[in-house]
Amino acid sequence: MRYRRLLALAGSATILLAACGGTSREDELRSQVGDVLRGEFPVVDIGEVNCGDAIDFTPGSTFQCTAMVADGLIRTEVTMDEDGRARVVRLNALVDVDRAELEVAKDLTEGLGKPIKVDCGDQSFRVEEVGSTFECRAFAADNSEDSRGIEVTVDDLSGTIGWRLLDS
């Protein structure tokens, strides 16, 4: 049994950089990359954006920035255009684990005709690479002793996940 669910929207944004009031252009870029991520994930705490020494404002240049989110690093690629705008594209996914648990449980409940619960651990969100997997457990709502493993696969940046029941 394999299912796919769309859990979030893919993100990219273009930002216009304009340093003002004592703020360096690098600080402005980091701030705006953080704003892009906060716009994509308004319910998640986005940490400080770090671009290291890679920032290059030359038109056509590309570099990466990261931000700590939910015990992982969201990676972004920043590309500068001819007009001084930075295009920010997220390179990995942030999975809403609570929502994934509910969606998989709903699918299993409908398929089996009895209430099923799913547990993917204590994290509410996980930073994952596209194509990566993580495991959860499914069990009857009235019997947590009888459980099966579930493998959840992150299919794309849009948050589409696939899942399948494991043998144990």
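Note that the structure is predicted; figures quoted are calculated from it, not measured.

**Section: the state of the cysteines**
Here is step 1 of the chain: One pass over the full model with this rule turns up two disulfides.
Here is step 2 of the chain: Covalent S-S linkage joins Cys51 and Cys65, the inter-sulfur distance amounting to 1.9 Å. In this structure the cystine formed by Cys51 and Cys65 twists about its S-S bond by roughly 105°; its chirality is therefore right-handed. One end of the pair, Cys51, is in the loop between strand E3 (49-50) and strand E4 (62-69); the other, Cys65, is in strand E4, with 14 residues separating them in the sequence.
Here is step 3 of the chain: Between the sulfur of Cys120 and that of Cys136 lies a disulfide, 1.9 Å long from S to S. Because the torsion about its S-S bond is 100°, the bridge between Cys120 and Cys136 counts as right-handed. In this pair, Cys120 sits in the loop between strand E8 (116-119) and strand E9 (125-128) while Cys136 sits in strand E10 (residues 133-140), placing the two residues 16 residues apart along the sequence.

**Some thoughts on the pattern of salt bridges**
Here is step 1 of the chain: Going through the model one piece at a time under the given rule, you end up with eight salt bridges.
Here is step 2 of the chain: Between Arg90 and Glu40 there is a salt bridge, and its shortest N-O distance comes to 2.8 Å. Here the residue Arg90 occupies a position in strand E6 (residues 85-90), and Glu40 occupies one in helix H1 (residues 25-40), the gap between them amounting to 50 residues.
Here is step 3 of the chain: Taking relative accessible area as the criterion, Arg90 reaches 2% and is therefore assigned buried.
Here is step 4 of the chain: We note a salt bridge from Arg164 to Glu151, for which the minimum N-O separation is 3.1 Å. Of the two residues, Arg164 sits in strand E12 (residues 160-165) while Glu151 sits in strand E11 (residues 143-154), which places them 13 residues apart along the sequence.
Here is step 5 of the chain: Under the relative-accessibility criterion, Arg164 is labelled partly exposed at 36%.
Here is step 6 of the chain: Residues joined in a network through salt bridges with shared partners are Asp81, Asp83 and Arg85.

Rules and cut-offs
Residues numbered from 1 in each chain as written. Predicted model: local features only at pLDDT ≥ 70, side-chain atom pairs only at ≥ 80, totals over all residues. Heavy atoms only, no water. Disulfide = S-S within 2.5 Å. Helix = DSSP H or I, 4+ residues; strand = E, 2+ residues; numbered from the N terminus. Salt bridge = Lys/Arg side-chain N within 4 Å of Asp/Glu carboxyl O. Buried < 20%, exposed > 50% of the residue type's maximum accessible area, 1.4 Å probe, protein only.

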